[in-house]
Amino acid sequence: MAEENANLESVAESGGVYKSYENATKSKHEGFYTCIAYYGDTHADQGIGYRVATCEVIIADICEEMGDCDESTYEVCVADYETGTYECKCPDCSTDANDFNPICTDRCEVAFHDCQMKDLTCKDKTPRTKLLDGFCPEAALPTVKTLSGIQTFQVEDGNEIILSAGLVDVGSPPSVVTWFFKKDGSKEILELQGANSDALKLVSGLDTYGEYEAEIKYCGDVSSINKYKLERRQEVTTAPVFQTTSEKSDDLTNAAVCSVFPGGVVESFDSQSNFYDLACSHVLVADVLPGGSYLDPWFLYGSFDQYNGKGALSGFTYHGSDTFQVLRGWVINLGGSKVPLVEGVEKEIGTSGCTALFENFYLSIKCEKVEFYYDGMMAGMISLKSGLIEKPAGGLGLCYDNNSGSRPNWQVGSKRD
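A brief look at the structure comes next. (Residues numbered from 1 in each chain as written. Predicted model: local features only at pLDDT ≥ 70, side-chain atom pairs only at ≥ 80, totals over all residues. Heavy atoms only, no water.)

**Focus: the overall build of the protein**
- From N to C terminus, the protein includes five helices and 31 strands.
- Counting only residues that meet the buried cut, the protein has 35% of its 417 residues in that class.
- Restricting to contacts in the protein with at least 6 residues of sequence separation, those with at least 24 account for 50%.
- Working note: accessible area of the protein is about 24600 Å², and carbon and sulfur atoms make up 50% of it. (Helix = DSSP H or I, 4+ residues; strand = E, 2+ residues; numbered from the N terminus. Buried < 20%, exposed > 50% of the residue type's maximum accessible area, 1.4 Å probe, protein only. Contact = heavy atoms within 4.5 Å. Areas by Shrake-Rupley, 256 points an atom, 1.4 Å probe, with all protein chains shown as cover.)

**Some details on the state of the cysteines**
- For the structure on display, the rule yields eight disulfides.
- Between the sulfur of C69 and that of C88 lies a disulfide, 1.9 Å long from S to S. The S-S bond linking C69 to C88 shows a torsion near -95 degrees; that makes this disulfide left-handed. Here C69 is found in the loop between α3 (62–65) and β3 (76–80), whereas its partner C88 is found in strand β4 (residues 85–89), with 19 residues between them in sequence.
- According to the relative accessible area criterion, C69 is buried, its value standing at 16%.
- Judged by its relative accessible area of 31%, C88 falls in the partly exposed class. (Disulfide = S-S within 2.5 Å.)

**Considerations on the pairing of strand β23 (residues 323–327)**
- Side chains F324 and V326 project from β23 onto a buried face, and the interleaved T323, Q325 and L327 project onto a face without burial.
- Two elements, strand β22 (residues 310–319) and β23, share five bridges in a ladder whose sense is antiparallel. Among the inter-strand pairings, H319 is bridged to a residue of β23, identified as T323.
- Where β22 folds back on β23, the antiparallel hairpin that results is connected by three residues.
- As paired elements, β23 and strand β24 (residues 331–334) share three bridges and run antiparallel to each other. Note on β24: the bridge partner recorded for L327 is V331.
- Hairpin connection from β23 to β24: three residues lie between these consecutive antiparallel strands, with G329 at a positive phi of about 95 degrees. (Pairing = 2+ DSSP bridges.)

**What to know about the nonpolar core**
- Counting 40 residues, the largest nonpolar core has I365, F372 and I382 as the members making the most contacts within it.
- Ignoring sequence-local partners within four residues, the contact set of I382 consists of A256, V257, C258, F269, L284, V285, L300, F316, V370, E371, F372 and C399.
- If you look at the next biggest cluster of nonpolar residues, it comprises 18 residues, including I161, A165, V177 and A214. (Core = buried A, V, L, I, M, F, W, Y, C linked by side-chain atoms within 4.5 Å.)

**As for the side chain of D375**
- Turning to its location among the elements, D375 is positioned in the loop between β29 (370–374) and β30 (380–384).
- Given the relative accessible area of 15%, D375 is considered buried.
- Polar contacts involving the side chain of D375 include one to the main-chain amide nitrogen of M378, which spans 2.9 Å. (Polar contact = N/O pair within 3.5 Å; in protein donor to acceptor, adjacent residues only side chain to side chain.)

**Let's talk about the pairing of β4**
- Sheet topology places β3 next to β4; five bridges connect them, and they run antiparallel. Bridge pairing in β4 places C77 opposite C88.
- If you look at the hairpin formed by β3 and β4, you'll find four residues sitting between the two strands, and G84 has a positive phi there, around 75 degrees.

**Regarding the sheet that holds strand β27 (residues 354–359)**
- The antiparallel open sheet is built from eight strands, whose spatial order is β19-β18-β17-β30-β29-β28-β27-β26. Looking at strand neighbours, the two that pair on one side only are β19 (273–275) and β26 (347–349), the edges of this open sheet. Taking the axes of each pair of neighbouring strands and ignoring which way they run, one obtains an average angle of 20 degrees across the sheet.
- Sheet topology note: the strand β17 (residues 256–261)/strand β18 (residues 265–267) ladder contains three bridges and is antiparallel. Across the sheet, residue F261 finds its bridge partner in β18, namely V265. (Axes fitted to C-alpha atoms, helices over the stretch in contact; angles between N-to-C directions.)

**Overview of helix α4 (residues 114–124)**
- Considered for burial, the residues of α4 that qualify are C115, M117, D119, T121 and C122.
- Here the buried face of α4 lies against β4, β5 (103–105), β6 (110–111) and β7 (130–133).
- One or two positions beyond α4, positive phi appears at K125, with a value near 60 degrees.

**Examining a nonpolar patch on the surface**
- Nonpolar side chains collect at one region of the surface, where F100, V110, F112 and F135 lie side by side and expose about 420 Å² of accessible area between them.
- Mapped onto the elements, V110 comes out in strand β6. (Patch = residues over 30% accessible without salt bridge, like charges linked within 9 Å, V, L, I, M, F, W, Y side chains within 5 Å. Salt bridge = Lys/Arg side-chain N within 4 Å of Asp/Glu carboxyl O.)

**What about the sheet that holds β22?**
- The antiparallel open sheet is built from seven strands, whose spatial order is β25-β24-β23-β22-β21-β20-β31. Across the chains shown, the open sheet's two edge strands, defined by having one partner strand only, are β25 (337–338) and β31 (395–396).
- Sheet analysis places strand β20 (residues 281–287) next to strand β21 (residues 298–307), joined by six bridges and oriented antiparallel. Considered in β21, the bridge of S281 is made with S303.

**What to know about the packing of aromatic side chains**
- In total, this model carries 14 aromatic pairs according to the counting rule given.
- Put simply, the rings of F153, W179, Y228, W330, F358 and F361 touch in pairs and so form one group of aromatic residues.
- A cation over a ring is seen here: K187 above F180, with NZ or CZ 4.7 Å from the ring centre. (Phe/Tyr/Trp six-rings, centres within 6.5 Å; stacked < 30°, edge-to-face > 60°. Lys NZ or Arg CZ within 6 Å of the ring centre and 35° of its normal.)

**So, the side chain of N333**
- Mapped onto the secondary structure, N333 falls in strand β24.
- A polar side-chain atom of N333 sits 3.0 Å from the main-chain amide nitrogen of G336.
- Separated by 3.4 Å, the side chain of N333 and the backbone nitrogen of S337 make a polar contact.
- Dropping the residues within four chain positions of it, N333 is found in contact with F324, Q325 and L327.

Take it as geometry only, folks, not as evidence of what the structure does.
Written as structure tokens, this is what we have:
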């Protein structure tokens, strides 16, 4: 303070009554200041040689320390240091009055320039961002697919996972997709955002297990929110639970059931588990003499390959009055064409007399004599409506036994000339 006192003294001696600082800082200049005024001989006869005055100087950024303007709606804090108050104001666009750079906002509105968009947001408190440069294109609603509930996937570490937001057609102006990741009670926005972010690609691992939300907005309004949950797959030690509709559950109360597990394990109709070296296509169940007649035989084959290093069911082939395949990924192939499926809606499969239902990530096929279910990846279940565990006269396949004659494991061979 010695130097500042000296400065004050010199100013007073020259008759000044003010001390000013430029670019004052809180750390250097805030505090108590003392002013000493010397009277000299003027008031000597009154015994007053000087006078002392003390004041506290507070240096503060009113907007930074007191202001609570909403920056998300582009409010601007304007401070009044004489009164120690502030006011939240909308952007001043007077300098942009002659600026014509139209933009299309994410609410499908046209603003003449960026400042006008911010001013609109400030006034009506409706969040806006720039979607496109120029005028908005002709409006066309997007096409979205909304899933029911949380879709849960159990996967092994290191798998590449692709999640879909459900955006089939982006619409015009284009919809905006935002992905959220929820884990341990926290929720964060993933960097993947915009009109071309329907697919979210992940590699399964400790950092990616959790819940995901895909929010689709069109013209600022939420069109759809789809939710997923990614979990680490546990080793299967018991039979998987195949979810069916209540109607099918009633039908299968007394049915004979055969389950096909990863690793080559088949639990036959008599509840006996057997291990087979399954590497191509095998007869799982068939009846070449239904009702004692050779005129209406039917067959159900299983195809096998390696999935994540284990033998797995890659699909079914049904042959009866018509032939079709059920393939990995919940695909039905009928005569070389994919059968279109709508989740939760039963679909007839050609002239086979069978119907398909895709629900809760299981594909169930219901035919006259047999029903079978596929998890779309590696396991399946077969049930006979007859409820007969014993093999009928025309019955054959691994779900009954391994007595396939010259061909082991009911393996399907090829005809040679």
